[in-house]
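Observations on the model geometry
Below, each chain spelled out in residue letters.
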Amino acid sequence: MKFNRETGDNIRLVTGEDGVVQTGVAEIDEMMTRLGVSKIENVFAEGGTFRERRREAGLHLWYDVYAGDTQDHAETRAMGVFGDLPFINAVELIPVYRQEQSPVEKYINQSYSLAPEAQETWQAPKEEAETPYYPFNDPGLSLQWHYQNFGNKSGSIAGADINLFPAWEITAGRPEVIVAVIDGGVDYSHPDLAANMWVNTAERNGTAGVDDDGNGYKDDVYGYRWGGSLFPDSGEILPLDHGTHCAGTIAAVNNNGIGCCGVAGGTGKGDGVRIMSCQTFVPDNSKTDAYGNTIATGNTADAFAYAADNGAVIVSCSFSSTSNSYKEAIDYFIKNAGTDKNGKQTGPMKGGVVVCAAGNESSDTKRYPAAYEPCISVGGIRWDYTKASGSNYGDWITLSAPYGGGGTDNAIYSTYPTKSPNGTPKSSGYGYKSGTSQACPHVAGIAALMVSKFGVSQPDYVPNKLVTRLANSTRNIDSYLGSYAGRLGVGLVDAGRAVNYPPEMVPEKGREIYLEAFENVRINLNEYFSDPDGDALNYEVTGGNGGKLKVELEGTILVLTTISAGHSDVKIKATDLTGESVTATFAILAMDPKSEADVYPNPVTDILQVRMGKEVNGEVGVQLFNSAGVKVLDTKITVRPSKPGTIAVEKLSGGIYTLVIKYNGKEIKKNILKY
Ligand SMILES: [Ca+2]
Ligand SMILES: [Ca+2]
Ligand SMILES: [Ca+2]
Ligand SMILES: [Ca+2]
């Protein structure tokens, strides 16, 4: 619950001789006794150097209160009672998060040798498989269909993926970009993760038990652990499957010849994005949750504040609950990420982006934080574009990403811990999981690629730009979704499009090309089109060949040969390496040098165009006479070498007219047929 400032600023928790913690506010203390409150504690740490910023945001006004009342609806009752107090501004449930690993599509932990799998029962539409190619040398990359799906595995469809390889030609990450994984602990010593871990160097080179960098957390070398009731809060990260798997999807080290790849894992030159492990799930051997996980939750709210204060600009949240709680912690992250304690931008983006798993209940009931408006809510698809059976759906889903499936090779392949939480070595190091938990880090990884490209060294890159572009670059897959069409967000994420600018027209170049008739002109289209990413462009040309003009393409050179004078439209499409394109129509105006004026089209229905020689540039008098010799029009038009003059004739009745063009003391006469 959150106190108002007047009260909250003055609360000092005091533990009495009887072990009871009191606030010093009589009404609260009475109420706590009546409701059997067993514990009250600050939600957020003070935050060391960030203390003032946290107080300004009001984080210090939040307290966790544990009611001893265990009767039905005890929480609702306590929320009502506290919520009615005048000095309480907000009451939220402490959410019980679960990791969004699918209940029905459970993972099998194994290394490269795959056991034969039961075939899928459904029939996927047949599409021709592409020839697989792999840009990096990691042996497991060929198992990661979710990055680039060549449709070469039974039941899969080419393209049902995040279209990652084209993105890697533009960027595979930047070490300035830090992604916080709020989850179980990440195996920071994993050979395929270690090089991409965020490292707090002051703590690594510092003294055990001392907060060497003054951020309010001791010994937080790779992140921090919020241990809940089972473990003390500590800098010691306990490696767990779920967090390690999600971290690998975001930034397993690429092109290092081992294991798998991460979406933003770099090119093998130390250039991957960095993973910060915010451990809020800890081992709990006393119980097993609905999904078979033996985990418990620690203080997730403070993890958001930690991530914001310590350099992360993206948070990946593969967990959910029904409680829309910790909104102010999320707001704090979104506002303050990437800035120092004074609000000055120090990171690659000014502000943060929160990416969340939508959950695996196969329901449209909102799950949080995914459904909290400022967050990106990620639903899940299978390798044939269909909705993953477990994925939640509804109008609160932002977009979707690969979730995995019911077997192993259609699941998501990533890193597993090389040791158990107590340090005992484990053999595998890699394995499969399925769930919106797996879809979420794909999107966090793409967001990290976008910050790598658009944010690093470029001021004014803000979360809104990222989120808008991310949504706009998705592919609409509604035709595959059946009754879920429109209920898995705006589309399937597409990394290639997300980091790629489409080609553009060169603005100062006109779209009209002047030709002397019967000449042969070669035009380099690279002077008319450009690509902001520097991609080589592919051209396609349509139109033109209508008898007046011969159009040929030789690489980037457009070869135009005029056959007769007149106007032809030629449509040119420029496509870059990700398939993004721009199309422009060029007006090719061919002038017969022996004729003083071209008048077309003839016959005409609405607009008559008048072209003259290169030397004519300005106003020209025109008159129209009908077949009876009556003048029906007398006006001036502007004729340019590159642009014909126009005469509106749609109101004239049909018949033969004589057009008289007066220029420079000369009169040119042409007969026109009006339909
Ligand atoms: Ca510290
Ligand atoms: Ca230390
Ligand atoms: Ca690797
Ligand atoms: Ca491009």
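The residue numbering used here restarts from 1 in each chain and proceeds along that chain's sequence as written. Naming scheme: in the order in which they are written, chains are lettered from A and ligands are numbered from 1. pLDDT decides what is reported in this predicted model: residues at 70 or higher carry local features, side-chain atom pairs at 80 or more are listed and counted, and totals for whole chains, interfaces and linings draw on all residues regardless. With hydrogens and water excluded, all non-hydrogen atoms of the structure serve as input to the side-chain values.

1. Description of the coordination of the calcium ion (ligand 2)
Only nitrogen, oxygen and sulfur atoms within 2.8 Å of the metal, or 3.2 Å for Na, K and Ca, are treated as donors, and water is left out, so sites may look incomplete. For the calcium ion (ligand 2), the full set of protein donor atoms is Glu203 (OE), Thr207 (O), Val210 (O), Asp212 (OD) and Asp219 (OD), at a range of 2.2 to 2.5 Å. Read from N- to C-terminus, the donor residues coordinating the calcium ion (ligand 2) fall into the pattern E-x3-T-x2-V-x1-D-x6-D.

2. Details of the coordination of the calcium ion (ligand 1)
Surrounding the calcium ion (ligand 1) are the protein donor atoms Glu203 (OE), Asp211 (OD), Asp213 (OD), Asn215 (OD1), Tyr217 (O) and Asp220 (OD), at 2.2 to 2.4 Å. Four donors are marked tetrahedral only if all angles between them lie between 85 and 135 degrees, whereas four are marked square planar and six octahedral if opposite donors are more than 155 degrees apart and the other angles lie between 65 and 115; the remainder are marked irregular. With 6 donor atoms in place around the calcium ion (ligand 1) and angles of 78 to 169° between them, the coordination shape is irregular. Taken in sequence order, the residues that donate to the calcium ion (ligand 1) follow the motif E-x7-D-x1-D-x1-N-x1-Y-x2-D. The exposure class of Asn215 is buried, given its relative accessible area of 2%. For each residue, the accessible area found with a 1.4 Å probe, counting protein chains only, is set against the maximum for its type, and the residue is called buried under 20%, exposed over 50%, and partly exposed in between.

3. Brief notes about the sheet that holds strand E32 (residues 645–648)
The strand order across the open sheet built from 3 strands is E28-E29-E32, with neighbouring strands paired in antiparallel fashion. Looking at strand neighbours, the two that pair on one side only are strand E28 (597–600) and E32, the edges of this open sheet. Between one strand and the next, the sheet's axes are offset by a mean angle of 20°, whatever the strand orientation. Here, a strand pair is defined by DSSP locating no fewer than two bridges between the strands. Only DSSP runs of H or I with at least four residues qualify as helices, and only runs of E with at least two residues qualify as strands; both kinds are numbered from the N terminus onward. Of the pairings in the sheet, the one linking strand E29 (residues 607–612) to E32 comprises 4 bridges and is antiparallel in character. Residue pairing in the sheet places Gln609 in a bridge with Thr646 of E32. Interaxial angles span 0 to 180 degrees and are taken between N-to-C directions of axes, which are lines fitted to C-alpha atoms, for helices over the stretch in contact.

4. Side note on the pattern of salt bridges
Counted as salt bridges are all cases of a side-chain nitrogen of Lys or Arg within 4 Å of a carboxyl oxygen of Asp or Glu. What the rule picks out here adds up to 22 salt bridges. A salt bridge links Glu596 to Lys666; its shortest N-O distance comes to 2.9 Å. Taken together, the residues Glu596 in the loop between strand E27 (581–591) and E28 and Lys666 in strand E34 (residues 666–674) connect sequence positions 70 residues apart. You can call Glu596 partly exposed: its relative accessible area is 42%. Lys666 gets classed as partly exposed once you look at its relative accessible area, which sits at 45%. Three or more residues are tied together by salt bridges with common partners; here these are Arg53, Arg54, Asp302 and Asp309.

5. A short note on the packing of aromatic side chains
Each aromatic pair joins two rings of Phe, Tyr and Trp (for Trp, the six-membered one) with centres within 6.5 Å, and gets the label stacked for planes under 30 degrees apart, edge-to-face for over 60, and tilted for any other angle. Tallied over the entire structure, the rule returns 31 aromatic pairs. Here Tyr217 and Trp226 contribute two aromatic rings whose centre-to-centre distance is 6.2 Å and whose plane-to-plane angle is 70°, an arrangement assigned as edge-to-face. As far as the burial class goes, Tyr217 and Trp226 line up, both buried. An aromatic cluster of at least three residues, connected via ring pairs, comprises Tyr133, Tyr134, Phe136, Tyr147, Phe150, Phe165 and Trp168. Counting as a charge over the ring demands two things of the Lys NZ or Arg CZ atom: a distance within 6 Å of the ring centre and an angle within 35 degrees of the ring normal. Directly above the ring of Tyr484 sits Lys387, whose terminal nitrogen or CZ lies 4.6 Å from the centroid. Of note, Lys419 hangs over the ring of Tyr188, and the distance from its end group to the ring centre comes to 5.1 Å.

6. Observations regarding the domain arrangement of the chain
A domain assignment, automatic or from a database, supplies the domain bounds used here. Split into domains, the chain comes out as domain 1 (2–90), domain 2 (98–112 + 139–498), domain 3 (504–591) and domain 4 (597–674). Between the C-alpha centres of domain 1 and domain 4 the distance comes to 85 Å.

7. As for the side chain of Asn163
Position of Asn163 relative to the elements: it lies in the loop between strand E7 (98–99) and helix H5 (164–168). Polar contacts here mean pairs of N or O atoms no more than 3.5 Å apart (in protein, one a potential hydrogen donor and the other a potential acceptor; neighbouring residues in sequence count only if both atoms are side-chain atoms). There is a polar contact of 3.1 Å between the side chain of Asn163 and the side chain of Gln148. Only heavy atoms enter the contact rule, under which two residues are in contact if any of them lie within 4.5 Å. Filtering out sequence-adjacent residues up to four positions away, Asn163 remains in contact with Tyr147, Gln148, Arg475, Asp494, Ala495 and Gly496.

8. A few points about the environment of Asn324
As for its placement among the helices and strands, Asn324 is situated in the loop between strand E13 (319–320) and helix H9 (327–336). Linking Asn324 and Pro95, residues 229 residues apart in sequence, is a C-alpha distance of 7.9 Å. Apart from the residues lying within four places of it in its own chain, the contact partners of Asn324 are Glu92, Tyr368 and Tyr372.

9. Re the sheet that holds strand E31 (residues 631–639)
Note: strands within a sheet are paired through backbone hydrogen bonds, in either parallel or antiparallel orientation. Strands sit in the order E31-E30-E33-E34 across an open sheet of 4 strands; the sheet is antiparallel. The two strands at the open ends of the sheet, each matched to only one other strand, are E31 and E34. Taking each pair of neighbouring strands and ignoring which way they run, the sheet shows an average axis angle of 25°. Where strand E30 (residues 618–625) and strand E33 (residues 655–663) come together, 5 bridges link them in antiparallel fashion. The residue bridging Gln623 from the neighbouring strand is Val660, located in E33.

10. Here we look at the environment of Thr7
Its place among the elements puts Thr7 in helix H1 (residues 5–8). Residues contacting Thr7, with those up to four places away along its chain left out, are Val25 and Phe87.

11. Considerations on unusual backbone geometry
Looking along the chain, the bond that leaves Tyr600 and enters Pro601 is cis, with omega of -10°. Among the structural elements, Pro601 can be located in the loop between E28 and E29. In this structure, Pro603 follows Asn602 across a cis peptide bond, with omega equal to 5°. Here Pro603 lies in the loop between E28 and E29. The backbone phi angle of Tyr326 is positive, close to 65°, even though this residue is not glycine. Residue placement: Tyr326 occurs in the loop between E13 and H9.

12. Comments concerning the packing of helix H10 (residues 436–455) against helix H11 (residues 463–472)
As a packed pair, H10 and H11 sit with axes 11 Å apart at the nearest point and diverge in direction by 120°. The orientation of H10 with respect to H11, classified from their angle, is oblique. With respect to the hand of their crossing, H10 and H11 are arranged in right-handed fashion. When H10 is examined against H11, the residues Val443, Ile446, Ala447, Met450, Val451 and Phe454 are found in contact with a partner set consisting of Leu466, Arg469 and Leu470. Amino acids are sorted into nonpolar (Ala, Val, Leu, Ile, Met, Phe, Trp, Tyr, Cys and Pro), charged (Asp, Glu, Lys and Arg) and polar (every other residue, Gly among them). Residue classes in the contact of H10 with H11 are distributed as 8 nonpolar, no polar and 1 charged. Geometric relationships in this document are graded by angle, where less than 35 degrees denotes roughly parallel, more than 145 denotes roughly antiparallel, 65 to 115 denotes roughly perpendicular, and other angles denote oblique. By the definition used in this description, the sense in which the near helix is turned from the far one sets the handedness, with an anticlockwise turn below a right angle giving left-handed and a clockwise turn giving right-handed.

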